Amino acid sequence: MNYPAVAFHLLVAAAWSDGELHPAEALILAQYLQRLDLSVEEKRKLLEYLQIRPAADTSRVWLEEVQAAQAEPALRRELAAALKLVVAADGRVVPEETQLIEDLRHALEASDPPSLLGRFKRWLRRLTGRAT
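Residues numbered from 1 in each chain as written. Predicted model: local features only at pLDDT ≥ 70, side-chain atom pairs only at ≥ 80, totals over all residues. Heavy atoms only, no water.

## Things to note about helix α3 (residues 40–50)
Of all the residues in α3, the buried ones are Lys43, Leu46, Tyr49 and Leu50. Projected down its long axis, α3 carries its buried residues within an arc of 115°, all on one side. Looking at the buried positions of α3, the neighbouring elements they touch are α1 (3–16), α2 (23–35) and α4 (58–69). (Buried < 20%, exposed > 50% of the residue type's maximum accessible area, 1.4 Å probe, protein only. Helix = DSSP H or I, 4+ residues; strand = E, 2+ residues; numbered from the N terminus. Arc of directions from axis to C-beta. Contact = heavy atoms within 4.5 Å.)

What follows is the structure in structure tokens.
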């Protein structure tokens, strides 16, 4: 699955995380979908996904997919901004939505290529069997 589709799935899961899809959230998602560089058929399938309430833990799956995709920084910033817009669109942000934003931030930071110092610390942990 490509990054735009994964990002859209995560946004849909976020919109539904408070138990309902508010019309303002659906509008933002529809606008986001139109901007994606996808075929008409792919957009149609994603629009269908928007109408189905995902399972409660679906956002965790999509967070892992976003992290694994290792998208370029501009796309990651766009996704983070879109997520904030979606969860705030209905005028209230519930704790689950706040946690999802924080989890996305961590996932995106973790998908950055490790620095030389980070690689050295991991090597040292493996060598010594202890945290550094």
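Following the structure, the description resumes.
## Considering the layout of surface pockets
Think of a ball as big as a water molecule: rolled over the atoms, this probe shows where empty space is left. There is about 230 Å³ of room inside the largest pocket. Lining of the largest pocket is provided by Ala13, Trp16, Ser17, Gly19, Arg53, Pro54, Ala55, Ala56, Ser59, Arg60, Glu96 and Leu100. Of all elements in the fold, only α1, α4 and α6 (95–110) reach the threshold of two or more residues within the lining of the largest pocket. The residue inventory of the lining of the largest pocket, partitioned by class, reads six nonpolar, three polar and three charged. (1 Å grid on protein atoms, 1.4 Å probe; cavity = no way out; pocket = protein on both sides within 12 Å on 5 of 7 lines; lining within 4 Å. Points joined across faces, edges and corners; volume = space filled by probe spheres on them. Nonpolar A, V, L, I, M, F, W, Y, C, P; charged D, E, K, R; others polar.)

## Re the nonpolar core
With 33 residues, the main nonpolar core has Phe8 and Leu79 as its most contacted residues. Of all the secondary structure elements, the ones that give two or more residues to this core are α1, α2, α3, α4, α5 (73–88) and α6. Among the elements that take part in this core, α1 stands out by supplying twelve residues, more than any other. With residues up to four places along the chain from it excluded, the contact list for Leu79 reads Tyr3, Ala7, Leu10, Leu11, Tyr32, Val66 and Leu104. (Core = buried A, V, L, I, M, F, W, Y, C linked by side-chain atoms within 4.5 Å.)

In short, shape yes, function no, at least from these values alone.
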